[in-house]
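Listed here are the chains, written in short residue letters.
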There are 2 protein chains.
Amino acid sequence: MEIIRNNFKDHLNKVYEAIEEADFLAIDGEFSGISDGPSVSALTNGFDTPEERYQKLKKHSMDFLLFQFGLCTFKYDPTEAKYIMKSFNFYIFPKPFNRTSPDVKFVCQSSSIDFLANQGFDFNKVFRNGIPYLNQEEERQLREQYDEKRSQANGAGTLSYISPNATKCPVTIPEDQKKFIEKVVERIEDLLQKEENKSLALEPCTGFQRKLIYQTLSWKYPKGIHVETLETEKKERYIVINKVDEEERKRREQEKQAKELEELNDAVGFSRVIHAIANSGKLVVVHNMLLDVMHTIHQFYCPLPEDLNEFKEVTTCVFPRLLDTKLMSSTQPFKDIINNTSLAELEKRLKEMPFNPPKVDSAEGFPSYNTASEQLHEAGYDAYITGLCFISMANFLGSFLSPPKNHVSARSKLIEPFFNKLFLMRVMDIPYLNLEGPDLQPKRDHVLHVTFPKEWKTSDLYQLFSAFGNIQVSWIDDTSAFVSLNQPEQVQIAVNTSRYAESYRIQTYAEYVEKKHEEKQAKRKLTEDSWKEMERKRLKTQCTPYVPQNRYYCVNSFTATSTTGKRSMSPIQEETGSDDMGEGEVQDAELDLTDSCVESASEGKKKVKKFKKVKMEQAPPGNITSSSTELFEVPDTW
Amino acid sequence: MEIIRNNFKDHLNKVYEAIEEADFLAIDGEFSGISDGPSVSALTNGFDTPEERYQKLKKHSMDFLLFQFGLCTFKYDPTEAKYIMKSFNFYIFPKPFNRTSPDVKFVCQSSSIDFLANQGFDFNKVFRNGIPYLNQEEERQLREQYDEKRSQANGAGTLSYISPNATKCPVTIPEDQKKFIEKVVERIEDLLQKEENKSLALEPCTGFQRKLIYQTLSWKYPKGIHVETLETEKKERYIVINKVDEEERKRREQEKQAKELEELNDAVGFSRVIHAIANSGKLVVVHNMLLDVMHTIHQFYCPLPEDLNEFKEVTTCVFPRLLDTKLMSSTQPFKDIINNTSLAELEKRLKEMPFNPPKVDSAEGFPSYNTASEQLHEAGYDAYITGLCFISMANFLGSFLSPPKNHVSARSKLIEPFFNKLFLMRVMDIPYLNLEGPDLQPKRDHVLHVTFPKEWKTSDLYQLFSAFGNIQVSWIDDTSAFVSLNQPEQVQIAVNTSRYAESYRIQTYAEYVEKKHEEKQAKRKLTEDSWKEMERKRLKTQCTPYVPQNRYYCVNSFTATSTTGKRSMSPIQEETGSDDMGEGEVQDAELDLTDSCVESASEGKKKVKKFKKVKMEQAPPGNITSSSTELFEVPDTW
C-alpha cells in the first residue's frame, strides 16, 4: 500500500493496527545517497572497529535523505499455517509546514539517484507528495511554542490576534505610513460605533502595512474585534475585521487552536509510525541494517550521539529487538549453504532445498508483490522479501529440532542468538556490531600497520612483503594501510627487518592501537575544559524513550526478561553443530512475552534504564570477547 | 522545446543554429536550493559590499544543482517587424558516465524543492533523463586519459586489451586461483593451435577472476588475440577471446576508440551549449542574474575563483555581454513607472502604456508559450518572458529618440549603459556588481556599526537610537548590525554618547571597515606562507577562454571595441533626463560588431587579456566611484 502525504492521515490507523497485530515487522529504507566520503574503500576499511565504522557512517552518510520507507507486517495464521502480510511503502519528504519551520537541506549522490532512476523510482512522488516528519526535539519545541501561544491567548487576550509573522519587536510607524494607519483606525471606530455593521474588509495592502495594522489594533483594541488575513482570488492579501463579543471571540480562538494542533500533528507526520514501531516492542527484521537503523534514528528520533555506546542505547529505545537477515544468512548453519547474501540472491536461494518457500499471503485490501517480477529497491518490496528470508531461515532452524518443526515463530528462543547484532559490511574479522554489550575484539596479531609515501600503490606493498607469501591489503588512506600476513609469527620478523627503513614504517596492530589511544588521551588532556563542556551537552541530549500520550507499552521488556544466559549465547555455533539444537527445552522456552508486559510506562522506563546501566558494566570487554570469538565463526565472504 | 538526455545529440545542431542566428539570447536557471546559510537576512545584508556578497553566495549557494536551464533565442525579422523566438528547456543531471567518473553530490533545500513541486516541476525528468555535463578541467582530464590510452594502444600493442577496470598494479595470482588461470591458458593455447577455431567464450566468472585473466593474457599474448567482456541475458559477465590478425585487431581497436570518443563528447554534454553561448559573443539577457551566472560558471566552466576580480574576468570569458532586466527596470527612465520588478509582475507591466507589448512569434517547429496561462519557474518560460521584458524596455528607449524608433536592436548604443552590470539584491546603496571595473563605493557616512549582547532584538536598537528619529537596522549576525541614521551629522553624536557604554559598542562605518581591513592584514601576515601557496594555486587556475577545435570566434571583441567612453557612461541618468538621449549619433553608432570580428582565436585571446589588465588598473576606485554615484541614482525599492 502506497502511503503519501495526501492519504497518510486516512491510513495511519491501518498502519497502527498492522503493527499491533503483527508477529514481526520487516523494514527497509531508500536513501538519496550512501557516502560523501573520499572513497568507499576509505569508508569501509576491512579492519575498522565497530566504533570507527559508526563514526565514519555518522560523518559521511547522514546528510542524505531517507526518502522511502518500507514496512511489512507479518502475522502468523496457525489455522492456515501461513503468514498474512501487510506492506506499506511510505514516501518521505521534509516539507516545511510553515514559514518558521526548519528548512531541511539534504545531499543527493548522483550515482545513487541514477541507480534509483534506473529502477523506475518515482522522485515526483517523494518531492510533491512525501510525508513530513519531525524528530523528538523538533516536536517538543513545536509543542512548547503551541502551548505558550495558547496560554497567552487564554490570558489577558491582548495577544489573541497577533500577526502570524509577528517578530517580537514592535515597529515604529514610518512617517509615510501614518496617514494610512490613521485611516484604518478611523474606519474601525466607525465599525464599532454603528450597530448595523458587523465586519469590515480592508483593501489589499503590503505585508508591512498588514504588520502595522495588526500591531496597532492589538494595542488599541485588545477586546471586541477579531482580525484575520484573507486572500483574494488573485492571491492578494487583505485584512478583515469582525466585531465579536467575548463568547464569539473565544469560539473563534478555540477553532483556531484545534486547527493548529492538527497542523502540529501533521508536522510530526511519519515520525508517528516510527514511534508506533518503537512502542510495539515487536521484532524488526532488516537486511544489512546498520545504515537503515542509523538513518531512521537520525531523521525521526534524535541526532546521532557522539559515541557508539550511546548509539547502542538509543537504538535499543527505538528498536528493542532487531534481526539482520544478512548477518543471519552469513552465520552457521546457513553460511555453508548460502553463497551470496545479497538480498535478491538470498531470497532466491531460500526458496530452494533444503529451505522451503515461506507461505505468505497479502491481507485483504493490500496489494501483493510478485517475487518473480522483481521490484527490487522499492522499499516496500525489499522489506517484503527481507521478511520472506527471515521466515525461511527461522523455519529451517526448526528442522533441527526433534521432532522437527515446520514453523518457528518470531518469538522462538531459536532465533534469539541473532537478536540485536548489526551486520558489519566488509569488516574482515568482526561480523557484527553488538547492541547488547561490548563488541568483539579480535586479536589481529597477524596484522601490520604500514605508513609509506603517497606515491605507493598496492603493487609496492606486494613487493615489500613478497617474502611473506600471500598478503591482504586494506587501504586506510593515501599513505597508510593495514597488511595482514598469513602467519602471526611473521609479524615480528616484518617489523624487525623494517626497523631501519627510511621510506616506510611498519608497526604491529597492537602498537598502532596503543599509539592511537595515547594520541587521543593527549588530545583529551589538552582540551579538557571543552571536553567537559561537551560532556555536559551529551548528558542533556541523552535518549529518553518516546512515550505517547495514551498508549503505554513496555518497550524493553523483552530485553529485560531474556537477559539471563544471553551473555553466554552466541549465534548458532559451528563447533557444536546442529545436534545441540534438537532439545525439547528450547521449544518450551517459546514464551509469548508481549502479552505479559503491559505495565505503566514510568515503571517500565525505570526498569529499562537500570537494566541498561548494569548491562553495559557487568562484563569487562576482555572476557566476553575471548569467549565470543571462539564461539562465533567468522564468515569467509562478506 | 524540451531537451533531455535522450534527444540532446539530435537537437544540438538546432541549438547551435539558433544561437548563431540570434540577435540576443535570454537564459534562466532553476536550482535545487538557494542558500544553506544561517539565514537569508545574514546572507543578504543591506550593506554588503559586492565582494562580501560574492563570497557569501559562493560559500552558501554553490552546492546546489542547477538542474533546469532555459535558453530563448530571439532573432529580429525586419520585414515583419517582429522577433522570431526559439525556446529550449534543458534538463540537467550529472549522471556518472562510467565507474571512474566523478560522482557529484549536490544539496537540495526542502523549501526550494517544495516550491518547484508546487509549480509542477518534473523531477523525474531531471533525474531519469537529465543531460550530463563536465567543467573544463574535467573535460581536459578526460581527454588526456583518452589520448594516453590511445597512444598506448597504438604503441607496442601490449596494452591493447587491458581490463576496463585495470588499476595500475598487477595482482599476484592467489594460490586458489592458479588452477583456474592455468586452465584458461591451456584453452587459449588450444584455440591458437587449431586453425578451425576462431573464438573462445569462457564461462561467466567473478570480477576478480576476469581481472586475473586480462592481466595474464595481456602479458602472455601481446598479439594475435582480442579479449573482451560480454554479458549474458542474466547479466552475468563472461570473457570472449577472438583470434585476430594484426589488421583485424587494429580495426577493432579503432572501432572501440571511435566509440570512446563519442562517449567522451556525450559526457561533456550540456557544457557544449554553454561553450556555444560563450563563443557566440551574443548579448545574454537574464533577470536578477547573479546566482544564475555564478551557477552556470561553477557547474559548466570552472570552480568559482577565490576573488571577486577574478570572477569578473571569468564571467567576461563565459558571457562577454550580459544585461540584467531587473537592474534595467530598476533604473531610470523605467524606475519611476515600474513599481514591482519581480519577473512576472514586470512582464505584465511592460505590456501596458507607455510600453508596447513586443511582437514575438515562435519559430516553426518550436512550441509557443502563452503568457496568459503562466508557466512561471519553468526555466524556458522564465527565459522567454525575460526576453520579452528586454524587448519592451529597449523599444521604450527608442521613443526618446528624434525621430522616435519603434524597434531598438540588441546592438543599439542605447542599451549599452546596462551592459555587464549584475543586479545586487537587497543592497541598499550599491545597485549592481560591475563586471567591467571596480565597484561603486558609496560613502555610508550615515551608517553605524553596532555590537551588542546576543539577547538584543531589533526593538532594543530602536530604543537605543530613539533620539535620532527613524533608523534602519540591517542585521549582520546575532551580536552586530548596521544602523543607518537619517542624517550623517548625527553619526558622530551617536558614537560620542556611547563611548562609555558597557553592554554595546558603536563605531562609524569607516572605522568598522578600517578595523576589518587591519584584521585582515594581520591575519595575512601571520599566514604569509600559506597565502603564497594559495596565490600559486590561484594563478594556476586562471581562466582561459574556451576554444573549441574547429570554431573560432572573437569572444571579447565587443568589450574591446566599445571601451572608449564607457567609463564615463552609466545607465541612463536621471539628472540629464531623457532629453539627452534623442541624438542622431546614437543611432549611427549601431554597429554590427559580430560580423566584423572573425579572427584567429589566439590573436583574440591576447588582445582580450591585454585589454583586461589595462581595464582593471586604469582608474583608482575613488575617482570612478564618486562620479558614478553622482550619475547613477539608486532605486528606492529593491
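Keep in mind that what you see is a predicted model, and the values were worked out from it rather than measured.

Engineer: Would you explain the overall build of chain A in this entry?
Structural biologist: A tally of helices and strands in chain A yields 23 helices and 17 strands. When burial is assessed residue by residue, chain A has 50% of its 638 residues classed as buried. In chain A, the proportion of contacts linking residues at least 24 apart, taken out of those at least 6 apart, comes to 75%. Of the roughly 31,000 Å² of accessible surface on chain A, 50% is carried by carbon and sulfur atoms.

Engineer: Help me understand the sheet that holds strand S15 (residues 472-477) of chain A, please; the structure alone is not making it clear to me.
Structural biologist: Each strand in a sheet pairs with another by means of backbone hydrogen bonds, the pair being arranged parallel or else antiparallel. All names here are of chain A. The four strands are arranged S15-S16-S14-S17 in an open sheet whose pairing can be described as antiparallel. Every other strand in the sheet has two partners, leaving S15 and strand S17 (505-508) as the edge strands with one partner each. The average undirected angle you get between the axes of adjacent strands in this sheet is 25°. Inspection of the sheet shows S15 paired to strand S16 (residues 480-484) by five bridges, in the antiparallel sense. Looking at the pairing, Ser474 lines up with Phe482 of S16. With respect to the sheet, helix H17 (residues 489-497) is in contact with strand S14 (447-451) and S17, its orientation differing from that of S17 by roughly 145°.

Engineer: Hey, could you run me through the packing of aromatic side chains in this one?
Structural biologist: Each pair of aromatic rings is reported with the distance of its centres and the angle of its planes. Tallying each qualifying case throughout the model produces 73 aromatic pairs over all chains. One Lys or Arg, A:Lys421, reaches over the ring of A:Tyr432 and ends 5.5 Å from the middle of that ring.

Engineer: Got a minute to help me understand the sheet that holds strand S17 (residues 505-508) of chain B in this structure?
Structural biologist: All names here are of chain B. With respect to topology, four strands assemble into an open sheet ordered S15-S16-S14-S17, the strand pairing being antiparallel. Here the strands that pair on one side only, and so sit at the sheet edges, are strand S15 (472-477) and S17. The sheet shows a mean angle of 25° between the axes of neighbouring strands, taken without regard to direction. The pairing of strand S14 (residues 447-451) with strand S16 (residues 480-484) spans five bridges and is antiparallel. When the sheet's bridge partners are listed, His449 is paired in S16 with Phe482. The strands that helix H17 (residues 489-497) touches are S14 and S17; relative to S17, the one it contacts most, it runs at about 145°.

Engineer: Would you explain the pairing of strand S10 (residues 321-324) of chain B in this entry?
Structural biologist: All names here are of chain B. Burial of S10 is two-sided: the residues Arg321 and Leu323 facing one way and the residues Leu322 and Asp324 facing the other way are all buried. By the bridge criterion, four bridges tie strand S9 (residues 283-286) to S10 in an arrangement that is parallel. Residue pairing for S10: Leu283 is matched across the bridge by Arg321.

Engineer: Help me understand H17(A) in this model?
Structural biologist: All names here are of chain A. All of the buried residues along H17 are Gln490, Val491, Ala494 and Val495. Across the axial projection of H17, the buried residues extend over an arc of 140°, all falling on one side. Across from the buried face of H17, at angles greater than 90 degrees, the exposed residues are Glu489 and Thr497. Considering only its buried residues, H17 is in contact with S14 and S17.

Engineer: Sorry if this is basic, but what is going on with the interface of chain A and chain B here?
Structural biologist: Where interface size is quoted, it is often the accessible area lost as the parts come together. Chain A puts 38 residues into the contact, and the matching count from chain B is 38 residues. With both chains or domains summed, chain A and chain B bury close to 3,000 Å², and 57% of this area falls on carbon and sulfur atoms. On the chain A side of the interface with chain B, the three residues burying the most area are A:Lys105, A:Ser110 and A:Phe127, jointly 18% of the side's total. Counting the contacts that link chain A with chain B gives two salt bridges. Note that A:Asp114 and B:Lys95 form a salt bridge whose closest N and O atoms lie 3.1 Å from each other. Taken together, the connections running from chain A to chain B amount to 21 residue pairs in polar contact (both at pLDDT 80 or more). Counting only elements with at least two residues in the side of chain A that touches chain B, the list comes to strand S5 (105-109), helix H4 (110-118), helix H5 (123-129) and helix H16 (458-464) of chain A. Here the side of chain A that touches chain B gets six residues from one element, more than from any other, and that element is H4(A). Tallied by class, the residues present in the side of chain A that touches chain B amount to 16 nonpolar, twelve polar and ten charged.

Engineer: What's the story with the relation of the copies chain A and chain B in this structure? I'm lost.
Structural biologist: To go from the first copy of the chain to the second, apply a rotation about an axis and then a shift along the same axis. Of the transformation superimposing chain A on chain B, the axial component is 0.1 Å and the angular component is 180°, with the fit at an RMSD of 0.1 Å. On the angle and the small slide along the axis, the relation comes out as a two-fold axis. Rotation axis and chain A: the residue whose C-alpha lies nearest the axis is A:Val107, separated from it by 2.1 Å. Of the interface residues in chain A, 100% have counterparts in chain B that sit at the interface too, so the contact is made through matching surfaces.

Engineer: Sorry if this is basic, but what is going on with the nonpolar core here?
Structural biologist: Looking at soluble globular proteins, one finds that nonpolar side chains tend to be buried together. Counting 150 residues, the largest nonpolar core has A:Leu71, A:Phe90, A:Ile277, B:Leu71, B:Phe90 and B:Ile277 as the members making the most contacts within it. With residues up to four places along the chain from it excluded, the contact list for A:Leu71 reads A:Val15, A:Ile19, A:Leu25, A:Ala26, A:Ile27, A:Lys86, A:Ser87, A:Phe88, A:Phe90, A:Val273, A:Ile277 and A:Ala383.

Engineer: Just to check I follow, could you spell out the confidence of the model for chain A for this structure?
Structural biologist: Residue and element names in this part refer to chain A. Per-residue pLDDT for chain A has a mean of 78; in total, 77% of the residues score no lower than 70. Across residues 155-168 the pLDDT falls below 50, and counting only partners more than four positions away or on other chains, this stretch makes 23 contacts in the model. Across residues 542-638, where pLDDT falls below 50, the model places 145 contacts with residues more than four positions away in sequence or in other chains. Confidence metrics for the complex model read pTM 0.76 and ipTM 0.75.

Engineer: Would you take a moment to explain the side chain of A:Asn45 for this structure?
Structural biologist: Locating A:Asn45 in the fold gives a position in the loop between helix H2 (40-43) and helix H3 (50-61). Among all residues touching A:Asn45, those that are not within four sequence positions of it are A:Arg53, A:Lys56, A:Arg426, A:Val427, A:Ser474, A:Trp475, A:Ile476 and A:Phe482.

Engineer: Just checking my understanding: could you explain the pattern of salt bridges for this structure?
Structural biologist: A side chain of one charge can pair with a side chain of the opposite charge if their charged atoms are brought near each other. All names here are of chain B. As enumerated under the stated definition, the model contains 58 salt bridges over all chains in all. In this structure, the salt-bridge partner of Glu416 is Lys413, at a minimum N-O distance of 3.2 Å. For Glu416, a relative accessible area of 5% translates into the label buried. For Lys413, a relative accessible area of 28% translates into the label partly exposed.

What counts, and where the lines are drawn
- Residues numbered from 1 in each chain as written.
- Chains lettered and ligands numbered in written order.
- Predicted model: local features only at pLDDT ≥ 70, side-chain atom pairs only at ≥ 80, totals over all residues.
- Heavy atoms only, no water.
- Helix = DSSP H or I, 4+ residues; strand = E, 2+ residues; numbered from the N terminus.
- Buried < 20%, exposed > 50% of the residue type's maximum accessible area, 1.4 Å probe, protein only.
- Contact = heavy atoms within 4.5 Å.
- Areas by Shrake-Rupley, 256 points an atom, 1.4 Å probe, with all protein chains shown as cover.
- Pairing = 2+ DSSP bridges.
- Axes fitted to C-alpha atoms, helices over the stretch in contact; angles between N-to-C directions.
- Phe/Tyr/Trp six-rings, centres within 6.5 Å; stacked < 30°, edge-to-face > 60°.
- Lys NZ or Arg CZ within 6 Å of the ring centre and 35° of its normal.
- Arc of directions from axis to C-beta.
- Buried area = accessible area lost by both parts, 1.4 Å probe.
- Salt bridge = Lys/Arg side-chain N within 4 Å of Asp/Glu carboxyl O.
- Polar contact = N/O pair within 3.5 Å; in protein donor to acceptor, adjacent residues only side chain to side chain.
- Nonpolar A, V, L, I, M, F, W, Y, C, P; charged D, E, K, R; others polar.
- Least-squares fit on C-alpha atoms with pLDDT ≥ 70 in both.
- Core = buried A, V, L, I, M, F, W, Y, C linked by side-chain atoms within 4.5 Å.
- pLDDT = per-residue confidence, 0-100.

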